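The chain contents come next:
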Amino acid sequence: MTDPYRVVPLEAPPNCTVAVPGSKSITNRALITAALAPGVSRLENVLVADDTEAMIGALTELGIDVDLDSSVARATVHGKGGAIDSASLVIDARQSGTTGRFVSALAALGSSPVVVDGHQQLRARPINDLVVALRALGVVVDELREKGRLPLRITGPILEDHVSMPGGVSSQFVSALMMAGAMPGLSISLTTDPVSRPYLDMTASVMRAFGASADVSDRTWTVHGGYVPVDGYMIEPDASAASYFFAAAAITGGRVRVDGLGLSSTQGDLEFVKVLEQMGAHVTIADDHTVVTGGELHGIDVDMRHISDTAPTMAVVAAFADGPTTVTGIGFVRGKESDRIAGPIDQLGRCGVIGRVESDGFTITPKQMPHGASIETYDDHRMAMAFSILGLRTPGIEIRDPECVRKTFPGYFDTLDELR
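Bear in mind that the values here come from a model prediction, so they are computed numbers and not experimental data.

What counts as what
- Residues numbered from 1 in each chain as written.
- Predicted model: local features only at pLDDT ≥ 70, side-chain atom pairs only at ≥ 80, totals over all residues.
- Heavy atoms only, no water.
- Helix = DSSP H or I, 4+ residues; strand = E, 2+ residues; numbered from the N terminus.
- Expected span 1.5 Å × (residues − 1).
- Contact = heavy atoms within 4.5 Å.
- Buried < 20%, exposed > 50% of the residue type's maximum accessible area, 1.4 Å probe, protein only.
- Pairing = 2+ DSSP bridges.
- Phe/Tyr/Trp six-rings, centres within 6.5 Å; stacked < 30°, edge-to-face > 60°.
- Axes fitted to C-alpha atoms, helices over the stretch in contact; angles between N-to-C directions.
- Salt bridge = Lys/Arg side-chain N within 4 Å of Asp/Glu carboxyl O.

1. Observations regarding helix 7 (residues 197–209)
No. 1: With 13 residues, helix 7 ought to run about 18 Å at 1.5 Å a step, and its terminal C-alpha atoms sit 19 Å apart, in line with that.
No. 2: Lining the buried residues of helix 7 we find helix 1 (24–36), helix 6 (171–181), strand 12 (213–216), strand 13 (220–224), strand 14 (231–234) and helix 8 (239–252).
No. 3: One or two positions beyond helix 7, positive phi appears at Gly211, with a value near 95°.

Quick look at the structure:
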């Protein structure tokens, strides 16, 4: 793909059904839970992308065979019932946060040291809360370069059945302990309200599908083993990936439908369409599909702490509203693949859109229509996908480093062209 990638504005509003790949979040959780089950599981509609390939590579290094048939999006996992077969190895989580965090907890089920490392971008992301929690459970964790950062050397096993930890930095830390901790049995008490709460509910849902129990209250999560293999576990389309196409409908006055995402979805990011509805889009969420149709967009105030991955997309949509939009509750996204508060404000500024960084979010104040610019993506797939939507209405938008979308959606730009 040419770098930079020039987005060509649409000649007419879209009216189409878009197919998006399987959920990254569910795929990586299902891979972990299938690995913990004693026997063969088959996962259908798995996402085939860098993040999920990183997880498959990590499980393979831990002695768990995974056969991936990318032609039909199927993964066959030969689970080992929680047995971790490793002998002082190094796992490369690449740029995958879920892989780095989930596998760090998974490695604690064994008694041999495992080093979990990753790309420099992943090394820069915080993991200290998980480190502290693992140590409280009796796991030996050595920080090999910097406090609270990868690489970590982890030597299990887990010796305790209860741990307290904050929930305000990343839900992935809690999810990691939920899935691995279910093997010996674990109670997790959160000392602060969790961010991205729907992801914890998703983790519990996937665990239950594979036979484990997960009892949930506001701040206490009690998990027990009992994982069993599942033949034909179906993964829903990725709601985060779908959000870009729903946003495209909202800003162009078009209509976009995504099948497979509906009222029974376990993904919190589907709530993004309700934010679009608050702004003036028309939304239908049916049992097995969701439709967004654009309308006149209005500025709103919205707390996005539970759907923070869609914040860069929200910034782009807000540029086309008739008044200011303020997003709150997302201060923690500064520690994602990039600073997802400052980044969107800086790049919208290049396009002539006024924005302001707030303590826990941002405010977008549209005064004029955006103009063309070359967009810096910071090697962040969500920045690339969000700002490509800007180019559907704004001539002259170029996306630098477009290949970064391979992290979660390798075919993104081809799918974007289907709106034409």
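Picking up after the structure, the text goes on.
2. Considering helix 11 (residues 342–350)
No. 1: Every buried residue of helix 11 is accounted for by Ala342, Gly343, Pro344, Ile345, Gln347 and Leu348.
No. 2: Just past helix 11, the residue Gly352 takes up positive phi, approximately 85°.

3. A short note on the pairing of strand 11 (residues 186–190)
No. 1: Taking burial as the measure, the five residues of strand 11 include five buried ones, the bulk of the element.
No. 2: Here strand 11 shows no split at all, with Leu186, Ile188 and Leu190 on one side and Ser187 and Ser189 on the other all buried.
No. 3: With four bridges joining them, strand 10 (residues 162–165) and strand 11 adopt parallel strand pairing. Looking across to strand 11, one finds that Val163 is bridged to Ile188.
No. 4: Sheet topology places strand 11 next to strand 13; four bridges connect them, and they run antiparallel. When the sheet's bridge partners are listed, Ile188 is paired in strand 13 with Trp221.

4. Things to note about the packing of aromatic side chains
No. 1: Enumeration over the complete set of coordinates arrives at seven aromatic pairs.
No. 2: Ring centres of Tyr5 and Phe413 lie 4.4 Å apart, and the angle between their planes is 40°; on these two criteria the pair is classed as tilted. Separated by 408 residues along the polypeptide, Tyr5 in strand 1 (residues 5–6) and Phe413 in helix 13 (residues 412–417) bring together distant segments of the chain.
No. 3: The class for Tyr5 is buried, based on a relative accessible area of 17%.

5. Brief notes about the sheet that holds strand 13
No. 1: Here four strands make up an open sheet; going across it, the order is 10-11-13-12 and the pairing mixed. Only two strands of the sheet have a single partner each, and these edge strands are strand 10 and strand 12. Mean inter-strand twist for the sheet, computed between neighbouring axes without regard to direction, equals 15°.
No. 2: Across the sheet, helix 6 is in contact with strand 10, strand 11 and strand 13; its angle to strand 11 comes to roughly 165°.

6. Description of the sheet that holds strand 23 (residues 397–399)
No. 1: The three strands lie next to each other as 1-23-22, forming an open sheet whose pairing is mixed. Edge strands, defined here as strands with exactly one partner in the open sheet, are strand 1 and strand 22 (373–375).
No. 2: The pairing of strand 1 with strand 23 spans two bridges and is antiparallel. Bridge pairing in strand 23 places Tyr5 opposite Ile399.

7. Section: the pattern of salt bridges
No. 1: What the rule picks out here adds up to 25 salt bridges.
No. 2: For Glu143, the salt bridge is made with Arg135, and the minimal N-O distance between the two is 3.0 Å.
No. 3: The partner of Asp309 in a salt bridge is Lys336, and the shortest N-O contact between them spans 3.9 Å. In this pair, Asp309 sits in the loop between strand 18 (301–303) and helix 10 (311–318) while Lys336 sits in the loop between strand 19 (325–328) and helix 11, placing the two residues 27 residues apart along the sequence. The same class applies to Asp309 as to Lys336, namely buried.
No. 4: Ionic contacts of the salt-bridge type, sharing partners, join the residues Lys24, Asp51, Arg125, Asp309, Lys336, Glu337, Arg340, Asp380, Arg382 and Lys407 into one network.

8. Notes on the pairing of strand 15 (residues 255–259)
No. 1: Along strand 15, the buried face is formed by Val256 and Val258; none of Arg255, Arg257 and Asp259, which line the opposite face, is buried.
No. 2: Bridge analysis of strand 2 (residues 15–17) against strand 15 gives three bridges, and the strand direction is parallel. By the bridge assignment, Thr17 is partnered in strand 15 with Arg257.
No. 3: Looking at chain direction, strand 15 and strand 17 (residues 289–293) are connected through five bridges and run antiparallel.

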